Amino acid sequence: MTVTVFLVDDHPMIRHGLRNLLAGAPDFQIVGEASDGLEAIPKIELTKPDILIMDLMMPNLNGLEILPRIKKLSPTTHAIVFSMQSAAPYVINSLQAGADGYILKDTGPGELMDAIETVMRGERYLSGQLSERLGGQDLITEEINSDPYKTLTSREREIFQMVAEGRSSIEIGEKLFISSRTVEIHRSKLMKKLGLRNQAELVRYAIMQGILPMDG
């Protein structure tokens, strides 16, 4: 049986390396790739791959945001997060968002193959060091119930990330095909929901949520 794979990473060299790795293994077919979440969603809806290998930190729409959408658009797709971020909040948030596996980019190629085989069996996979550190926790149900970020709409989350990345209302509007005035209205609403007063607070909040990397 051929396993179809879709790659999402904003670094072309990473995608190139994954393509080469999977091309050298039998029974894998790359059916598409994308450099960010906005580009990925319609392509994944069209191709409905067996396996999605995706980065977490990406511009425009990050991995945490595309995971639940992909699970709705293509329920049979098994998603593996392939990230440099090893802190527990990133892993927990990814699994809660719908990831079936989480592996670190400094792992060997054999681990990626193990991860694919494991999630295709319907089991969860974590990189060795993550499994040792977090294996005793109920990672799916562990949740912060009072998190106001969960009250944001999908559109507000898209705009939140782009504002945190420093994009202007005009740039955001062009990306999302809406007016800059509509962007500003959404921004005002989301700032109020999150209790944020300025750009600096918004950026700090984005880092805390795992939307922007801790190392900047």
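Treat the numbers as computed from the prediction; the structure is a model and nothing was measured.

**A few points about the overall build of the chain**
In terms of regular secondary structure, the chain is built from 10 helices and six strands. Scaling as 2.2 N^0.38, a compact globule of 216 residues should have a C-alpha radius of gyration of about 17 Å, and the chain matches this with 17 Å. Over its C-alpha atoms, taken along the principal directions, the chain stretches across nearly 50 × 40 × 30 Å. The buried share of the chain, reckoned over its 216 residues, is 49%. Relative to all contacts within the chain whose residues are 6 or more apart in sequence, the contacts with residues 24 or more apart total 65%. When the accessible surface of the chain is split by element, carbon and sulfur atoms take 54% of a total near 10500 Å². In the chain, which carries 23 positive and 29 negative side-chain charges, the distance between the mean positions of the two groups comes to 8 Å.

**Focus: the side chain of D9**
Structurally, the position occupied by D9 is in the loop between β1 (3–8) and α1 (12–23). For D9, a relative accessible area of 2% gives the class buried. Within the structure, D9 has its side chain in polar contact with the side chain of K105 (distance 2.9 Å).

**Describing the layout of surface pockets**
Put simply, the second largest pocket is a space of about 170 Å³. Around the second largest pocket, the lining comprises 11 residues; the ones closest to its centre are H11, D55, M57, M84 and Q85. A class-by-class count of the residues in the lining of the second largest pocket yields four nonpolar, three polar and four charged.

**A closer look at the pattern of salt bridges**
Taken as a whole, this structure holds 14 salt bridges when the rule is applied. Among the salt bridges present, the one from K193 reaches E156, with a minimum N-O distance of 2.9 Å. In this pair, K193 sits in helix α9 (residues 180–194) while E156 sits in helix α7 (residues 154–164), placing the two residues 37 residues apart along the sequence. On the accessibility criterion, K193 (36% relative accessible area) is partly exposed. A salt bridge links R197 to E201, with the nearest nitrogen and oxygen atoms 2.5 Å apart. Exposure remark for R197: the relative accessible area of 69% places this residue in the exposed category. Exposure remark for E201: the relative accessible area of 13% places this residue in the buried category. Linked through salt bridges whose partners overlap, the residues forming this network are D9, D55 and K105.

**A look at the environment of Y149**
With respect to the helices and strands, Y149 occurs in the loop between α6 (128–134) and α7. The exposure class assigned to Y149 is buried, which follows from its relative accessible area of 6%. Separated by 57 residues in the primary sequence, Y149 and A206 place their C-alpha atoms 9.8 Å from one another. When residues no more than four places from it in sequence are discounted, the contact partners of Y149 are E65, R157, F160, L194, Y205, Q209 and I211.

**Details of the packing of aromatic side chains**
A complete count under the given rule lists two aromatic pairs for this structure. An angle of 65° between the planes, with centres 5.6 Å apart, marks the rings of Y149 and F160 as edge-to-face. Here Y149 is found in the loop between α6 and α7, whereas its partner F160 is found in helix α7, with 11 residues between them in sequence. In this structure, Y149 and F160 share a single accessibility class: buried. By relative accessible area, which is 0% here, F160 ends up buried. A connected cluster of aromatic rings, assembled from ring pairs, spans Y149, F160 and Y205.

Analysis parameters
Each chain has its residues counted from 1, following the order in which its sequence is written. Local features in this predicted model are restricted to residues of pLDDT 70 or higher, and side-chain atom pairs are both shown and tallied only at a pLDDT of 80 or more, whereas totals for entire chains, interfaces and linings draw on every residue. Only hydrogens and water are set aside; all other atoms, that is, all heavy atoms of the structure, feed into the side-chain values. Put simply, DSSP marks the helices as runs of H or I at least four residues long and the strands as runs of E at least two long, and each gets a number from the N terminus on. For a compact globule the rule gives 2.2 Å times the number of residues to the power 0.38, and the radius of gyration it is set against comes from C-alpha atoms. Here's how the labels work: a residue is buried when its accessible area is under 20% of the maximum for its type, exposed when over 50%, partly exposed in between, all with a 1.4 Å probe on protein chains only. Two residues qualify as a contact provided that any one of their heavy atoms is within 4.5 Å of a heavy atom in the partner residue. Method for areas: the Shrake-Rupley scheme with a 1.4 Å probe, in which residue coverage is limited to the protein chains shown. For the purpose of counting charges, residues Lys and Arg are taken to be positive, whereas Asp and Glu are taken to be negative. His and the chain ends are not included. For the purpose of locating charges, the reference atoms are NZ of Lys, CZ of Arg, CG of Asp and CD of Glu. Pairs of N or O atoms within 3.5 Å make up the polar contacts considered here, provided that, within protein, one atom can donate a hydrogen while the other can accept it, and that residues adjacent in sequence are counted only when both atoms are side-chain atoms. Cavity and pocket criteria rest on a 1 Å grid covering protein atoms alone: a 1.4 Å probe that fits but cannot get out defines a cavity, protein on both sides within 12 Å along at least 5 of 7 lines defines an open pocket, and an atom within 4 Å of a point defines a lining residue. Grid points are joined across faces, edges and corners, and a volume is the space filled by probe spheres set on the points. Asp, Glu, Lys and Arg are counted as charged, while Ala, Val, Leu, Ile, Met, Phe, Trp, Tyr, Cys and Pro are counted as nonpolar; the rest, among them Gly, fall into the polar class. Just to be clear on terms, a salt bridge is a Lys or Arg side-chain nitrogen sitting within 4 Å of an Asp or Glu carboxyl oxygen. Classification of ring pairs rests on two measures: the distance between centres of Phe, Tyr or Trp rings, Trp counted by its six-membered ring, which must be within 6.5 Å, and the angle between planes, read as stacked under 30 degrees, edge-to-face over 60 and tilted in between.

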